[in-house]
Amino acid sequence: GILVSTTVAGLPGEKTAYFKVWAKDEAGNWSLPSSTASALVSSFSLETLDVGLANGEGTSIAIDGAGILRVAYNHAGSNALKAASFNVAWSTESVDSPAGGYPSIAIGKDNGSHIVYQGNSAAPFSVKHASKTTGGWFLTTAAGGAASYNWRRSVAVDAAGIPHISYYDSAATALKYAKWDGSAWVQSTVDDGGANDVGSDNSLALDSQGRPHIAYRDSTANVLKYAKWTGSAWVLSTIDATGNVGAHPSLALDGGDYGRVSYGDAANNALKYAGFNGASWAIQTVDTGGGDFTSLALDGAGNPHVSYRAGGMKYARWTGSTWSTAAVVSDGAWTSIAIDASGVPRLSYKDSGGTLFAAKWMGAPFPPPIGGNSRSKVRQPTNFLASAVFQTSVTWSWTDNSSNELGFAIYGALVSTGPYTLVVGTTTTGAGQTSYMETGLNAGTTYYRYVVAVNAGGAVASNMASAVPNAAPPAAPAGFAGSALGASSISWTWADVTGESGYRVSDLSGNNV
């Protein structure tokens, strides 16, 4: 009844190890060998975060600008949405109940967490949003009512701190989108599908201008589609229409704001990957042994890293010339991936027994990312502000927290909610630059700006800042003249100046009177 254990170190990673055990008595006699046992030697270290998840649907990982890992997950055992975070050690907390299916977590302004998830424990389901403030979790319903908003949803937060959500309306069988306007959620239809059922699987990312891009599945035609907001309309296109594709897509945008997508191919039981080059989508088969529950992140060189289920949980990465795949654990699903500031992949997942795990890559790190994934803020520029304000110019400054950026871009608008357009690009504000003087501005006008660090693997925005160039001074008083009032007094007169708030009179030595 006593369990005996030992640890064998120094084994080659990403392989299955086979062992037997013998017992010896005090006389030195050995028993017959045990049966052969096997175990996977993973290249990842594993930590237990929580237990009792039962059949909870989904985990989602993101990393904030301070390097703190955050995981949102459905704890079906307690019918709740929960959140875990790691600084020195892992801690967990309950966010909402009854609720929690298919969560997606993103990092927002000042490293705050934003989570979207399935509300209600029975139909009709809603789309709910939770944001972490100093006073706790602030909960709102992004979409609800008579319709049923189940299956997957995705969230990202722009530089102004505004969350954006893609979600599936199962009653309308349509892909929808919601954006917080500061006081309420504004919903719109991205693709109604016509006669088709679209959007049950979807993934959202924001480009450098804060505009949403969505990869999603048409479940009727069995194709993978793409939606991009231009600032005035949604443009829809097809990524892959070969076979039965598009399950569990995961979207990331590279440094050129071009889409990269991992997704499943059910017809061929395969993991696939698509990258846009500005003109067309290049499609690759990554693994022919399975490919669902995919999650994608890009490293600093723009190379993709994917976690996914294929029997157990697996990990794939592009080396620059070929795909390398490896088993992480033999029992794992509902996986999510991000890459930390050191270039180390970090994963969350749950096993069939309902235990939530975090996994950390133990091999050599990769080029450090910008962002970490489409929802993270790894190596985000910080302390962005107007450091000098003049009548027609503003000097914007920031702290550079990255080491391999190609440069910085500044985006601006005349209202805090945008739309934002490019003010200056990376060819002007290059790598290592931490300030830029913007000229040609109008006095008295409020300008909203943010700076974006860019490398091949993506872009990450600072928080938004604003400045008002100094108003033009009033015109000099005209007709200034004096007349004697007596032996020691003079009366000074002048024409009133429009827009003044007061006057100052002084002698030639600067002494005010």
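Up top is the structure these notes are about.
Residues numbered from 1 in each chain as written. Predicted model: local features only at pLDDT ≥ 70, side-chain atom pairs only at ≥ 80, totals over all residues. Heavy atoms only, no water.

Novice: I'd like to hear about the overall build of the protein chain, residue by residue, with values.
Specialist: When its secondary structure is counted, the protein chain shows zero helices and 40 strands. Seen along its three principal axes, the alpha-carbon backbone of the protein chain occupies a region of about 130 × 65 × 45 Å. In the protein chain, which comprises 513 residues, the share counted as buried stands at 50%. Expressed as a percentage of contacts within the protein chain between residues at least 6 apart in sequence, the contacts between residues at least 24 apart total 47%. On the protein chain, roughly 22400 Å² of surface is accessible, and the fraction owed to carbon and sulfur atoms is 51%. If the 29 positive side-chain charges of the protein chain are averaged to one point and the 35 negative ones to another, these points end up 4 Å apart. (Helix = DSSP H or I, 4+ residues; strand = E, 2+ residues; numbered from the N terminus. Buried < 20%, exposed > 50% of the residue type's maximum accessible area, 1.4 Å probe, protein only. Contact = heavy atoms within 4.5 Å. Areas by Shrake-Rupley, 256 points an atom, 1.4 Å probe, with all protein chains shown as cover. Lys, Arg positive; Asp, Glu negative; His and termini not counted. Charge placed at Lys NZ, Arg CZ, Asp CG, Glu CD.)

Novice: Residues and numbers for a nonpolar patch on the surface, please.
Specialist: A contiguous nonpolar surface patch, about 240 Å² in accessible area, is contributed by Val 8, Leu 11 and Phe 19. As for its position among the elements, Leu 11 is in the segment before strand S1 (15–19). Judged by its relative accessible area of 34%, Leu 11 is partly exposed. (Patch = residues over 30% accessible without salt bridge, like charges linked within 9 Å, V, L, I, M, F, W, Y side chains within 5 Å. Salt bridge = Lys/Arg side-chain N within 4 Å of Asp/Glu carboxyl O.)

Novice: Could you give me a rundown of the sheet that holds strand S29 (residues 345–350), with the residues and numbers involved?
Specialist: Spatial ordering of the open sheet is given by S3-S30-S29-S28, a layout of four strands whose pairing is antiparallel. One side of each edge strand has no neighbouring strand; the edge strands of this open sheet are strand S3 (44–50) and strand S28 (333–339). Direction aside, the axes of adjacent strands within the sheet are offset by 20° on average. (Pairing = 2+ DSSP bridges. Axes fitted to C-alpha atoms, helices over the stretch in contact; angles between N-to-C directions.)

Novice: Go over the sheet that holds strand S21 (residues 259–265) with me, naming the residues and quoting the values.
Specialist: Spatially, the four strands line up as an open sheet ordered S20-S21-S22-S23, and their pairing is antiparallel. Lying at the two open borders of the sheet, with one neighbouring strand each, are strand S20 (245–253) and strand S23 (281–287). Taken over all neighbouring pairs, the strand axes of this sheet differ in orientation by 20° on average, direction set aside. As judged from the six bridges shared by strand S22 (residues 270–276) and S23, these two strands associate in the antiparallel manner. Its bridge partner being in S23, Tyr 273 is matched across the sheet by Gln 284.

Novice: Before we move on, can you summarise the pattern of salt bridges with the specific residues and values?
Specialist: Per the counting criterion, the structure on display carries 14 salt bridges. Shared partners join several salt bridges into a network, and the residues in it are Asp 240, Asp 265 and Lys 272.

Novice: An account of the packing of aromatic side chains is needed here, citing residue identities and associated values.
Specialist: Using the criterion set out here, one finds 24 aromatic pairs in the structure. Centroid distance Phe 44 to Tyr 315: 5.3 Å. Interplanar angle 80°. Geometry classified as edge-to-face. Taken together, the residues span a long stretch of sequence, with Phe 44 in strand S3 and Tyr 315 in strand S26 (residues 312–318) at a distance of 271 residues. The buried category is assigned to Tyr 315, whose relative accessible area is 2%. Ring geometry for Trp 180 and Trp 185: centres 5.3 Å apart, planes at 65°, overall edge-to-face. The pair formed by Trp 180 and Trp 185 is uniform in burial state, with each residue classed as buried. (Phe/Tyr/Trp six-rings, centres within 6.5 Å; stacked < 30°, edge-to-face > 60°.)

Novice: Before we move on, can you summarise the pairing of strand S27 (residues 323–329) with the specific residues and values?
Specialist: Sheet topology places S26 next to S27; six bridges connect them, and they run antiparallel. Across the sheet, Tyr 315 pairs through a bridge with Ala 326, a residue of S27. Linkage of S26 to S27, two consecutive antiparallel strands, is achieved through a turn of four residues, within which Gly 320 is found at a positive phi near 110°.

Novice: I'd like a rundown of the side chain of Ser 203, residues and numbers included.
Specialist: Position of Ser 203 among the secondary structure elements: in strand S16 (residues 198–206). Looking at Ser 203, its side chain comes within polar contact range of the main-chain nitrogen of Leu 251, at 3.0 Å. Residues contacting Ser 203, with those up to four places away along its chain left out, are Ser 154, Ser 166, His 213, Ile 214, Ala 215, Pro 249, Ser 250 and Leu 251. (Polar contact = N/O pair within 3.5 Å; in protein donor to acceptor, adjacent residues only side chain to side chain.)

Novice: Give a detailed account of the environment of Val 306, specifying residues and quantitative values.
Specialist: Within the secondary structure layout, Val 306 lies in strand S25 (residues 304–310). With relative accessibility at 1%, the residue Val 306 sits in the buried group. Placed 50 residues apart in sequence, Val 306 and Gly 256 show a C-alpha to C-alpha distance of 20 Å. In contact with Val 306, not counting residues within four places along its chain, are Ser 262, Leu 271, Thr 294, Ser 295, Leu 296, Lys 314, Tyr 315, Ala 316, Trp 323 and Ile 337.

Novice: Residue-level account of unusual backbone geometry, with values.
Specialist: Between Ser 97 and the following residue, Pro 98, the backbone shows a cis peptide bond with an omega angle of -5°. Tracing the chain through its elements places Pro 98 in the loop between strand S7 (90–96) and strand S8 (99–107). That bond from Gly 418 to Pro 419 is cis: its omega, 10°, falls within 30 degrees of zero. Positive phi is not limited to glycine here, since Asp 110 has a value of about 55°. Looking at where Asp 110 falls in the secondary structure, it is placed in the loop between S8 and strand S9 (113–119).

Novice: Report on the side chain of Asp 201, specifying residues and quantitative values.
Specialist: Within the secondary structure, Asp 201 is located in strand S16. Residue class for Asp 201 comes out buried when judged on its relative accessible area of 7%. Of note is the side chain of Asp 201, whose polar atom sits 3.0 Å from the side chain of Arg 152. Within the structure, Asp 201 has its side chain in polar contact with the backbone nitrogen of His 248 (distance 2.9 Å). Asp 201 has contacts with Arg 152, Ala 215, Tyr 216, Arg 217, Gly 246, Ala 247, His 248 and Pro 249, leaving out every residue within four places of it along the chain.

Honestly, it's all geometry; don't read function into it.
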